[in-house]
Amino acid sequence: MMEVWHHDLETAPASGPFVVTLGTFDGVHAGHRELLQVASGRAKALGHRAAVVTFDPHPAVVVAPERRPKLLMTLDQRLAAFEAEAMDLAWVIPFSRTFSELSPMDFLDRLERILSPVELHVGRAFCFGRDRSGTVETLEAWGAAHGCRVHTLALRAPDGGRLSSTRIREALDLGDAEGAAQLLGHPYTLTGVVVEGDRRGRHLGFPTANLAWEQEQLPANGVYVTEVVLPHHGGMHLGLTNVGEKPTFDGRRLTVETHLPGFEGDLYGARLSVRFLHRIRGEAKFASVDELRVQIGQDVAEGWAWWKAHKA
Ligand SMILES: Cc1cc2nc3c(=O)[nH]c(=O)nc-3n(C[C@H](O)[C@H](O)[C@H](O)COP(=O)(O)O)c2cc1C
Ligand SMILES: Nc1ncnc2c1ncn2[C@@H]1O[C@H](COP(=O)(O)OP(=O)(O)O)[C@@H](O)[C@H]1O
């Protein structure tokens, strides 16, 4: 079991030594996972425990709210991903104005007292401390003086380009589900409880589970092939998910709703994970409900074809 702290620097107990990795880790993408794996592997090899130090809320929420990114993960999802990578401790530092004003050296001195890091693992672009003035070079100089090895990892995407949470948000903004999945190492996933919609779906012939999603970032409006984890229904199910405002019905509210071909049952109140695999088309305003019905029928056929070609 991974231990989780929500302590600030004043209340965290001294409990090292640890192999430590540091970062915001939004999305826990393929590069983040590599970093976590290196840290947990080194901890095992050295006979120490592995700690991930992360921040919540996202630093930008506090220091640059006008540039705050739409988050790819909830804190719970982030913690689950840390646990899956065999971290022994996740320390979620409450990110505040005061914390953001600590100098890099003050932060590192506190970190040393609390975690006694034997090794630090960070991405090459990692910045920290007041005005983001601490860099990998700062860490290396500090490590050399304190007997702590600093290991940096250059995060590269499979196509050789940037591997960053920002690039994943950009791919999702374009509806590029495959691109996002490649950078994440798994499909982009929305989680949440099924809530009531307008109760129109069943009359249309295509009931849809309306998701009260918890993440901030959505894929671009449109219709997607998704894979849906249904609780108590035995694993993955094909989904056709519409992200949008339902212009055919002059909708204004953004919704995420999924038709599950072949599924029968009540999903209200159930928690679903909707994994975005492939975008079929943009959302359209149809002249009649019949035209929309025909189109959704074609979407389902296309969804099955895609599923058979890629998943079966
Ligand atoms: C595969 C799929 C594609 C859809 N495409 C569109 C679309 O292009 N335009 C639109 O206005 N609504 C679209 N919808 C949304 C339907 O209008 C919606 O499911 C219907 O209004 C039922 O809403 P309700 O669940 O709130 O009752 C789509 C729904 C599904 C499942
Ligand atoms: N194949 C299916 N795909 C999606 N939801 C289904 C399916 N079969 C039954 N349901 C149930 O029907 C509900 C959706 O019906 P719908 O008429 O669209 O109502 P609402 O507007 O409340 O979403 C879902 O929340 C779920 O409980």
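It should be noted that the structure appears before, not after, this text.
What counts and how
Residues numbered from 1 in each chain as written. Chains lettered and ligands numbered in written order. Predicted model: local features only at pLDDT ≥ 70, side-chain atom pairs only at ≥ 80, totals over all residues. Heavy atoms only, no water. Near = heavy atom within 4 Å. Polar contact = N/O pair within 3.5 Å; in protein donor to acceptor, adjacent residues only side chain to side chain. 1 Å grid on protein atoms, 1.4 Å probe; cavity = no way out; pocket = protein on both sides within 12 Å on 5 of 7 lines; lining within 4 Å. Sits in = over half its atoms within 2 Å of the grid points. Helix = DSSP H or I, 4+ residues; strand = E, 2+ residues; numbered from the N terminus. Nonpolar A, V, L, I, M, F, W, Y, C, P; charged D, E, K, R; others polar. Points joined across faces, edges and corners; volume = space filled by probe spheres on them. Axes fitted to C-alpha atoms, helices over the stretch in contact; angles between N-to-C directions. Parallel < 35°, antiparallel > 145°, perpendicular 65-115°, else oblique. Left-handed = near helix turned anticlockwise from the far one by under 90°. Contact = heavy atoms within 4.5 Å. Buried < 20%, exposed > 50% of the residue type's maximum accessible area, 1.4 Å probe, protein only.

Student: So what's going on with the site of ligand 1? Which residues, and what values?
Tutor: Taken together, 24 residues sit near ligand 1, with Arg200, Thr208, Lys246, Thr248 and Ala284 positioned nearest. Pro247 has a polar backbone atom sitting 3.2 Å from an oxygen atom of ligand 1. Contact distances for ligand 1 include 3.0 Å between an oxygen atom and a side-chain N or O atom of Glu257. Judged by its atoms lying within 2 Å of the grid points, ligand 1 is housed in the second largest pocket. Taken together, the elements giving at least two residues each to the shell around ligand 1 come down to helix H9 (201-204), strand E10 (236-244), strand E11 (255-259) and helix H10 (289-310). Of the residues that constitute the shell around ligand 1, the class distribution is 9 nonpolar, 7 polar and 8 charged.

Student: Lay out the layout of surface pockets in plain terms, naming residues and giving numbers.
Tutor: A probe matching the size of a water molecule, rolled over the atoms, marks out where space remains unfilled. As a volume, the largest pocket reaches approximately 1,300 Å³. Thr24, Ala125, Phe126, Cys127 and Arg132 are the residues nearest the centre of the largest pocket, which is lined by 41 residues in total. Mapped onto the lining of the largest pocket, the elements with two or more residues apiece are helix H1 (30-46), helix H2 (59-63), helix H4 (97-100) and helix H7 (165-173). Its residues assigned to classes, the lining of the largest pocket shows 20 nonpolar, 11 polar and 10 charged. Taken as a whole, the second largest pocket encloses approximately 770 Å³ of empty space. Taken together, 39 residues line the second largest pocket, and the ones lying closest to its centre are Gly201, Phe206, Pro207, Thr208 and Glu257. Contributions of two or more residues to the lining of the second largest pocket are made by H9, strand E8 (209-213), E10, E11 and H10.

Student: So what's going on with the packing of H7 against helix H8 (residues 177-184)? Which residues, and what values?
Tutor: At a closest axis distance of 7 Å, the pairing of H7 and H8 adopts a crossing angle of 160°. One finds that H7 runs roughly antiparallel with respect to H8. Read as a crossing pair, H7 and H8 show a hand that is left-handed. Of H8, the residues touching H7 (which contributes Arg167, Ile168, Ala171 and Leu172) are Gly179, Ala180, Leu183 and Leu184.

Student: Hey, could you go over H7 for me, with residue numbers and the actual values?
Tutor: When H7 is considered as a whole, its buried residues turn out to be Ser165, Arg167, Ile168, Arg169, Ala171 and Leu172. Taken together, the buried residues of H7 touch H1, H8 and strand E7 (188-195). Positive phi appears at Gly175, one or two residues downstream of H7, with a value of about 75°.

Student: Describe in detail the environment of Arg281, supporting the description with residues and values.
Tutor: Take Arg281: it is sitting in strand E12 (residues 271-281). You can call Arg281 buried: its relative accessible area is 17%. Spatially, the C-alpha atoms of Arg281 and Pro94 are 41 Å apart, while their sequence positions differ by 187 residues. The contact partners of Arg281, leaving out residues within four places of it in the chain, are Gly222, Val223, Phe286, Gln295 and Asp299. At a separation of 2.7 Å, a polar atom in the side chain of Arg281 contacts the side chain of Asp299.

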